[in-house]
Amino acid sequence: MVRRLILTLFAAIKVRKRLICLFLIILICGYFVNWRKLECLWRYGNFEPHQWSETVPQVRTRIDTDEKILALTMDACGSKTDSLDEDLIEFLIQNEIPATMFITGRWMDKYPEKFARLAANPLFEIENHGIAHRPASLTGQSIYGIAGTKNAGELYDEVALNADKMEKATGRRPVFYRSGTAYYDEGAAQMIEDMGFQTIGFAVLGDKGATYSADEVEAAFLTAKPGDIIICHMNHPEKETGRGLMRVLPKLKARGFRFVLLKDYADKLK
Ligand SMILES: [Zn+2]
């Protein structure tokens, strides 16, 4: 009945008006379709990855430089028991040591005030660690018991939803992405690059998921070479990462190293 009514109405409209209606319908549909996501689904929907690691070719681990600089990167993953190492943050502020922070949407939801305080401090750069801290897979690969994204659509949402959330909260859209666990397959890493984000890994494993003792953190940091990206965690005050950092960062400074933000070397990452 309704169908017949619509068809009768449509037949009554003159051809020119019909075309205008059609054009308007296409325009309205186009406004609501996420073309970028559709393109990712089209290009990566049937991709068969062969690699699964922290070091697939697209992932940047260093700054290409001879300068004696290091990029300290700190993750906030948003696991059930994590929080924020306030002593470590205070230490960085007191000693004017910049850090690039990879933060998940989960952590932002748990600690909106802490997030706002970090984002408001120009010493810190806020970047994207995924909406739900999932390894970047096109096929649902897992690592450390954490399930990766199942397909291109889930990966798109994992990356884009947190970028949107961060942009809304801070007014600045993140430019770098580190997946939950820092694992990628090569197709996932390329898709993230196509979405406009540089994928970031690390050259120095600073605290092995906040499991290192302070001595081990210190030993790991002291292996850093000019241009290295160092990964560690700021979300486990109960662990020894903070103590290790407070001990080793002044030593690295005394050796002539300067700490920099990734965004200031965006065109020199490799
Ligand atoms: Zn993490």
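Small disclaimer: the values here were computed from a predicted structure and weren't measured.

Definitions and limits used
Residues numbered from 1 in each chain as written. Predicted model: local features only at pLDDT ≥ 70, side-chain atom pairs only at ≥ 80, totals over all residues. Helix = DSSP H or I, 4+ residues; strand = E, 2+ residues; numbered from the N terminus. Buried ≥ 20, exposed ≤ 12 C-beta atoms within 10 Å, placed from the backbone. Contact = placed C-beta atoms within 7 Å. Pairing = 2+ DSSP bridges. Right-handed = clockwise from strand over helix to strand, strands pointing away. Domains from an automatic or database assignment. Core = buried A, V, L, I, M, F, W, Y, C linked by C-beta atoms within 7 Å. Axes fitted to C-alpha atoms, helices over the stretch in contact; angles between N-to-C directions. Left-handed = near helix turned anticlockwise from the far one by under 90°. Nonpolar A, V, L, I, M, F, W, Y, C, P; charged D, E, K, R; others polar.

1. Things to note about the overall build of the protein
If you tally the helices and strands in the protein, you get 10 helices and 10 strands. In terms of its C-alpha atoms, the protein occupies a principal-axis envelope of roughly 85 × 40 × 35 Å. Buried positions account for 41% of the 270 residues belonging to the protein. Here the analysis covers contacts within the protein between residues at least 6 apart in sequence; of these, 80% occur between residues at least 24 apart.

2. Description of the pairing of strand β2 (residues 99–103)
A large share of β2 lies buried, amounting to 5 of its 5 residues. The side-chain alternation of β2 yields two buried faces, one formed by Ala99, Met101 and Ile103 and the other by Thr100 and Phe102. Summarising the sheet, strand β1 (residues 69–76) and β2 pair through 4 bridges and their orientation is parallel. Its bridge partner being in β2, Asp75 is matched across the sheet by Phe102. Regarding topology, helix α4 (residues 86–94) serves as the crossover connection from β1 to the parallel β2, and that connection is right-handed. For β2 and strand β3 (residues 124–128), the ladder comprises 5 bridges, and the chain directions are parallel.

3. Considerations on the domain arrangement of the protein
Parsing the protein into structural domains produces domain 1 (2–33) and domain 2 (44–268). The gap between the C-alpha centroids of domain 1 and domain 2 is 49 Å.

4. Re the pairing of β3
In terms of burial, β3 is a largely internal element, 5 of the 5 residues being buried. Alternating residues of β3 divide into Phe124, Ile126 and Asn128 and Glu125 and Glu127, and every residue in both groups is buried.

5. Observations concerning the nonpolar core
A general trend in soluble globular proteins is that nonpolar side chains are found buried together. One finds Met101 and Ile230 to be the most contacted residues of the largest nonpolar core, which totals 63 residues. Among the elements that line this core, the one with the most residues is helix α7 (residues 152–170), at 7 residues. Beyond its immediate stretch of four places on either side in the chain, Met101 contacts Met74, Ala76, Leu118, Phe124, Glu125, Ile126, Glu127 and Met234.

6. Concerning the packing of helix α9 (residues 214–221) against helix α10 (residues 241–254)
Between α9 and α10, the least distance of the axes is 8 Å, while the angle of their chain directions is 35°. Relative to α10, α9 is oriented so that their crossing is right-handed. Contact residues: α9 offers Ala214, Val217, Glu218 and Phe221, while α10 offers Thr241, Arg243, Gly244, Leu245, Arg247, Val248 and Leu252. Within the contact of α9 with α10, the residues separate by chemical class into 6 nonpolar, 2 polar and 3 charged.

7. Remarks on the environment of Leu205
With respect to the helices and strands, the residue Leu205 is situated in strand β8 (residues 204–205). Classification of Leu205 by C-beta neighbours within 10 Å gives partly exposed; the count is 16. Between the C-alpha atom of Leu205 and that of Ala220, which follows or precedes it by 15 residues, the distance is 6.8 Å.

8. Things to note about the environment of Leu19
With respect to the helices and strands, Leu19 occurs in helix α2 (residues 15–32). Given 11 C-beta atoms within 10 Å, Leu19 falls into the exposed group. Sequence-wise, Leu19 and Leu38 are 19 residues apart; in three dimensions their C-alpha atoms are separated by 26 Å.

9. Some thoughts on the environment of Ala136
Relative to the helices and strands, Ala136 resides in the loop between β3 and β4 (142–143). Counting along the chain gives 41 residues from Ala136 to Asn95, while the straight-line C-alpha distance between them is 35 Å.

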